[in-house]
Amino acid sequence: MKKPLIGASCAALVLSGATALAGAAPASASASVAVNFAGTVALSNCSGSLVRLPNSTASDPALILSNGHCLETGMPAPGQVIVNRSSSRSFTLLSSSGSSLGTVRANRIVYGTMTDTDVSIYQLTSTYASIQSRYGISPLTISPNHPTQGASIKVVSGYWKKIYSCNADGFVYRLKEGGWTWKDSVRYTSSCNTIGGTSGSPVVDTATGMVTAVNNTGNEDGERCTENNPCEVDQSGAVTVRKGINYAQETYGIPACFAPGNRLDLTLAGCVLPRP
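This report concerns the structure included in the present document. Position numbers for residues count from 1 along each chain, tracking the sequence in the order it is written. Given that this is a predicted model, residues contribute local features only at a pLDDT of at least 70 and side-chain atom pairs are listed and counted only at 80 or more, while totals for whole chains, interfaces and linings are drawn from all residues. With hydrogens and water stripped out, all remaining heavy atoms of the structure feed into the side-chain values.

**Here's the deal with the overall build of the protein chain**
Helix and strand counts for the protein chain come out as one helix and 18 strands. Buried means the residue's accessible area, taken with a 1.4 Å probe over protein chains only, is under 20% of the maximum for its type, while exposed means over 50%, and partly exposed covers the values in between. Evaluated residue by residue, the protein chain yields a buried proportion of 53% over its 276 residues. Within the structure as shown, the protein chain displays about 10800 Å² of accessible surface, and the carbon and sulfur contribution to it stands at 50%. Each helix is a run of H or I in the DSSP string that is no shorter than four residues. Each strand is a run of E no shorter than two, and both are numbered from the N terminus. Computed with the Shrake-Rupley method and a 1.4 Å probe, the accessible areas treat only the protein chains shown as cover for residues.

**Here we look at the packing of aromatic side chains**
Here a ring pair, both rings aromatic, is described through the centre-centre distance and the interplanar angle of the planes. Ring pairs are drawn from Phe, Tyr and Trp, using the six-membered ring of Trp, whenever the two centres fall within 6.5 Å, and their geometry is named by plane angle: stacked under 30 degrees, edge-to-face over 60, tilted for the rest. Counted according to the given criterion, the structure contains two aromatic pairs. Taking the centre distance of 5.1 Å and the plane angle of 70° together, the rings of F91 and Y122 count as edge-to-face. Here the residue F91 occupies a position in strand β5 (residues 90–94), and Y122 occupies one in strand β7 (residues 119–127), the gap between them amounting to 31 residues. We classify F91 as buried; its relative accessible area is 1%. Of the residues examined, Y122 reaches a relative accessible area of 0% and is grouped as buried. Between Y159 and W160, the aromatic rings sit 5.1 Å apart at their centres with planes inclined by 80°, giving edge-to-face as the arrangement.

**A short note on the side chain of S126**
Relative to the assigned elements, S126 resides in strand β7. Given a relative accessible area of 18%, S126 falls into the buried group. Not counting residues within four places of it along the chain, the set of residues in contact with S126 comprises D60, P61, A62 and I131. Contacts between residues were defined by any pair of non-hydrogen atoms, one from each residue, lying within 4.5 Å.

**Some points on the environment of T57**
Inspection of the secondary structure assignment puts T57 in the loop between β2 (47–52) and β3 (61–66). For the pair T57 and Y128, spaced 71 residues apart in sequence, the C-alpha separation works out to 7.8 Å.

**Description of helix α1 (residues 128–135)**
Residues of α1 that are buried include every one of Y128, I131 and Y135, and no others. All buried residues of α1 lie within an arc of 65° about the axis, which places them on one face of the element. Residues of α1 that are exposed and angled more than 90 degrees away from the buried face: S133 and R134. Looking at the packing, one finds that the buried side of α1 touches β2, β3, β5, β6 (100–113) and β7. G136 sits one or two residues past α1 and shows a positive phi near 70°. What the arc covers is the set of directions going from the helix axis to the C-beta atoms.

**Structural notes on the pairing of β2**
Most of β2 sits inside the fold, with six of its six residues counted as buried. What you see with β2 is no split at all: S47, S49 and V51 on one side and G48, L50 and R52 on the other are buried throughout. Paired strands, as defined in this entry, are two strands with at least two bridges between them according to DSSP. Here three bridges tie strand β1 (residues 40–42) to β2, and the two strands are oriented antiparallel to one another. Opposite V41, over in β2, you have G48 as the bridge partner. Between β1 and β2, which pair antiparallel and follow one another directly, the connecting turn spans four residues. Here β2 runs beside β3; their pairing, made up of three bridges, is antiparallel.

Structure below.
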């Protein structure tokens, strides 16, 4: 994975009856959404983003999306799932140009795992409305749809304040790295040459402006299935190593696991995130 750097230093928000929270406006087939740093955050060791679910409202507690391997508690073991654990982690909220606007703070880790996917979701002490009011920043929307092969994407790193542009080259049945296995991962084309510190960056589809994946790893040395050198495994068990190629974990399954009020409920119909 794009290891955390230990010790190293969109859609408009629209209120309707003070409850509705609008997502990105649909783009035409030939148009693309301008992607910048608005809605992204910098962690102490990784990147992340301020996100909403398709049905989130302005009064809901805001959420931060990053990687499971970026958790302040350390990397979850294979099979480990963290749910509703207290946290006071802080995040630097960025403007569209990448400048620091201020700090937002979590009160809990809503969900974190490196099993099947590599994701962490934090709940903030602030609502979307209060963040919009204080900083003028709207959340990015997590798309409920599977990403599209060939789609134009941007990987937006709040840590490095750098945006990588490439395409979704394809999808990997199983991506193995050390003891961890991830399902249906996104493979980038080579121009998204992400580095350490980009872990947790939102992967934004430029046609919709929505988050379709979260950046997490790449094969650095050409090794086979070792840490920092993930390998692809197909349905027949054949292994492919692609040195220098980077990957992300899909996020379309996340919305199905949240009830109204941004409340995690892993028992909801259609929720396939691993349970503790």
